[in-house]
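# Structural characterization, general
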Amino acid sequence: MPSAYDALLDRLYDVNALNMSIWIMDWDQQTYMPPGGGEARAEHCGRLARMAHEAFVSDETQKLLAAAEQEGGDELAQATLRVVRRDMAQRTKIPASLVAEKSGLASRAHEEWVQARANDNFAGFAPTLDRLFDICRQEADYLGYTDHPYDALTDLYEEGATKAGWDAMFDQIRQPLTDLTKRLGESGNQADNSFLFGDWDKGAQMAFTKRLSEACGFNFSQGRQDTAAHPFCTNFAIHDVRLTTRFLDELTSSIFGTLHETGHGLYEQNSPIEWDRQPLAGGVSLGVHESQSRLWENIVGRSKGFWKTWLPELKKTFPAIGDVSLEQFHRAVNRVEPSLIRVEADEVTYNLHIMVRYEAECDLLTQKLKVKDLPDYWNAKYEKYLGITPPNDRQGCLQDVHWSGGSVGYFPTYSMGNLLSFQIWEALTRDLGDGEQLIESGRLGDVLDWLRENVYRHGRRFTPKDLIKRATGKELTADAYLAGITKKYEAVYGLTAGV
Ligand code: ZN
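Residues numbered from 1 in each chain as written. Predicted model: local features only at pLDDT ≥ 70, side-chain atom pairs only at ≥ 80, totals over all residues. Heavy atoms only, no water.

The next subject is the side chain of His 148. Among the secondary structure elements, His 148 is positioned in the loop between helix H6 (122–143) and helix H7 (149–154). By relative accessible area, which is 15% here, His 148 ends up buried. A distance of 3.0 Å separates a polar side-chain atom of His 148 from the backbone nitrogen of Tyr 150. If near-sequence neighbours (up to four positions away) are discounted, His 148 is found in contact with Lys 163, Cys 362 and Thr 366. (Helix = DSSP H or I, 4+ residues; strand = E, 2+ residues; numbered from the N terminus. Buried < 20%, exposed > 50% of the residue type's maximum accessible area, 1.4 Å probe, protein only. Polar contact = N/O pair within 3.5 Å; in protein donor to acceptor, adjacent residues only side chain to side chain. Contact = heavy atoms within 4.5 Å.)

For the zinc ion, every protein donor is listed as His 260 (NE2), His 264 (NE2) and Glu 290 (OE), and the spread of their distances is 2.1 to 2.3 Å. Each donor residue of the zinc ion lies on the same chain, and together they follow the pattern H-x3-H-x25-E. With His 260 in helix H10 (residues 251–269) and Glu 290 in helix H11 (residues 286–300), this residue pair connects regions lying 30 residues apart in the sequence. Each member of the pair His 260 and Glu 290 is classed as buried. (Donors = N, O, S within 2.8 Å, 3.2 Å for Na, K, Ca; no water.)

When two helices pack together, their arrangement is given by the angle between their axes and by how far apart the axes lie. Contact geometry for helix H9 (residues 202–216) and H10: axes closest at 9 Å, N-to-C directions at 35°. Judged by the twist between their axes, the crossing of H9 over H10 is right-handed. Between H9 and H10, the residues in contact are Gln 205, Phe 208, Thr 209, Leu 212, Ser 213 and Cys 216 and Leu 251, Ser 254, Ile 255, Thr 258, Leu 259, Thr 262 and Leu 266, respectively. Class assignment of the residues belonging to the contact of H9 with H10 gives a composition of seven nonpolar, six polar and no charged. (Axes fitted to C-alpha atoms, helices over the stretch in contact; angles between N-to-C directions. Left-handed = near helix turned anticlockwise from the far one by under 90°. Nonpolar A, V, L, I, M, F, W, Y, C, P; charged D, E, K, R; others polar.)

When the terminal C-alpha atoms of helix H14 (residues 350–365) are compared, their 23 Å separation across 16 residues agrees well with the 22 Å that a helix rising 1.5 Å per residue should span. The element H14 is largely enclosed, with a buried count of 16 among its 16 residues. The positive-phi residue at the C-terminal boundary of H14 is Gln 367, with phi of around 65°. (Expected span 1.5 Å × (residues − 1).)

Looking now at a negative patch on the surface. Together, Asp 6, Asp 10, Asp 14 and Glu 71 give the surface a local cluster of negative charge. For the negative patch, the leading source of residues is helix H1 (residues 4–31), giving three residues. With respect to the element layout, Asp 10 can be found in helix H1. (Patch = residues over 30% accessible without salt bridge, like charges linked within 9 Å, V, L, I, M, F, W, Y side chains within 5 Å. Areas by Shrake-Rupley, 256 points an atom, 1.4 Å probe, with all protein chains shown as cover. Salt bridge = Lys/Arg side-chain N within 4 Å of Asp/Glu carboxyl O. Lys, Arg positive; Asp, Glu negative; His and termini not counted. Charge placed at Lys NZ, Arg CZ, Asp CG, Glu CD.)

This part is about the pattern of salt bridges. Taken as a whole and assessed by the stated rule, the structure comprises 42 salt bridges. With a shortest N-O distance of 2.5 Å, Glu 101 and Arg 131 are connected by a salt bridge. Taken together, the residues span a long stretch of sequence, with Glu 101 in helix H5 (residues 96–119) and Arg 131 in helix H6 at a distance of 30 residues. By relative accessible area, Arg 131 is classed as partly exposed at 28%. Where salt bridges share partners, they join Arg 82, Arg 86, Asp 155 and Glu 159 into one cluster.

A separate point is the nonpolar core. Trp 296, Trp 307 and Leu 314 are the most contacted members of the largest nonpolar core, which has 118 residues in total. Apart from the residues within four sequence positions on either side, Trp 296 is in contact with Cys 216, Leu 259, Gly 263, Leu 266, Gly 301, Leu 444, Val 447, Leu 448, Leu 451 and Tyr 456. (Core = buried A, V, L, I, M, F, W, Y, C linked by side-chain atoms within 4.5 Å.)

Attention now goes to the packing of aromatic side chains. By the definition in use, this model includes 21 aromatic pairs. Arranged with centres 5.8 Å apart and planes meeting at 85°, the rings of Trp 200 and Phe 318 form a pair that is edge-to-face. Note that Trp 200 is positioned in the loop between helix H8 (163–186) and H9 and Phe 318 in the loop between helix H12 (304–317) and helix H13 (326–332), a separation of 118 residues in sequence. On the accessibility criterion, Trp 200 (9% relative accessible area) is buried. Taking the centre distance of 4.9 Å and the plane angle of 70° together, the rings of Phe 218 and Phe 220 count as edge-to-face. (Phe/Tyr/Trp six-rings, centres within 6.5 Å; stacked < 30°, edge-to-face > 60°.)

Turning our attention to helix H15 (residues 374–386). Compared with the 18 Å implied by 1.5 Å per residue over 13 residues, the 17 Å span of H15 between its first and last C-alpha is a close match. Among the residues of H15, Leu 374, Pro 375, Tyr 377, Trp 378, Asn 379, Lys 381, Tyr 382, Tyr 385 and Leu 386 are the ones counted as buried. Close packing links the buried residues of H15 with H6, H8 and H14. Among the residues trailing H15, Gly 387 stands out with phi positive, at a value near 75°.

Spelled out as structure tokens, the structure:
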């Protein structure tokens, strides 16, 4: 007779099969599905999601989980049971009626948000947003928390994260980042990036970005890249990881988009194959996942060493870029400029955008801020942190999709990813030697090996906090990030420290 643990894994394999069907259909929807397929796809995915949920929270699964916990088992079994128990608690604490209400409201809210953004009509979206935050408050109550409702919600995305923890993180970076942004702006040494704009051949971009991804170690016999309106990475198994990119007027948009998704993809492709389609496979949290996309996109991808190899190839593929020097190109792809739109923000100002959203959602959750006052609040924060005021709500508080889906507690994981990418890089270069040298000499395979050994191969085995300690020797702080970007951008902008 199989053990309860084996029976549980088999049961979870059914759930995995249902979920992966949904993910494949979602990938297809965002890449190839004709617009006419939308209604059928929503219905099919909705039904499959219900079946997956019911199978997961069923009495049978719960009994097997309890029995397997009784059995004990080795350390890996314990780790597996811990993550399944955590997933189970999240899925069962919130009543099905509230889940249904939220998902119905979220799909309506999405349509309303699209309209409101197109027409710059915040008032048209405000009542629904108000209701969504109301549901989030109820969710927090069901999930439970000690200090702040935000704790309950953010833990869904980043295990162990709390508002107090995020506050401490933002307190470390708020002033240094606003100061650095200001100093770079006042340097009078803005980089020219005009040569990056043009009508670039899409096929050539697809081929070139795939070469870059491959150079970082992405395995295209176990993955592929397609195009999507909003680039993302998804996976259906360790040996089936899908990247997407998009082609805009700025040539580097597809390049850095691909490198970003490649970082996510490498994390997934390098999970231990013996955990494939099981609970421990894959990335441990959103913040740790984002550290990998940012590491490959920014630390590797925006370095001079990387482009020493690839700029000659880029010029060969896109001669219209002209005879730019390595120095010019490096400055252009590291241009810092306060802007209104988060997804287009550079490495320095990006976290300031996140901070505005984080502060807004905390205050909306506690009702310290009323939804109707959000536009003024938002604009004042942009003026304060970035020195610019959005001329309308379309480019202001209506720009992001997250709140219309009822996702509250998610944004800080982006900043965490930025900070952690530097802390991981610091640990990596302590072992492997000077980072710039490492990249310039093409030792990206060594970089990947280190990340596989210290991050990727652990999947969800440890909590995010434990994983960070194991990989870097300490808890997450902003030290490596602040030191790293200050040094980099003072060099890019020809400033010296303190001037
Ligand atoms: Zn990402």
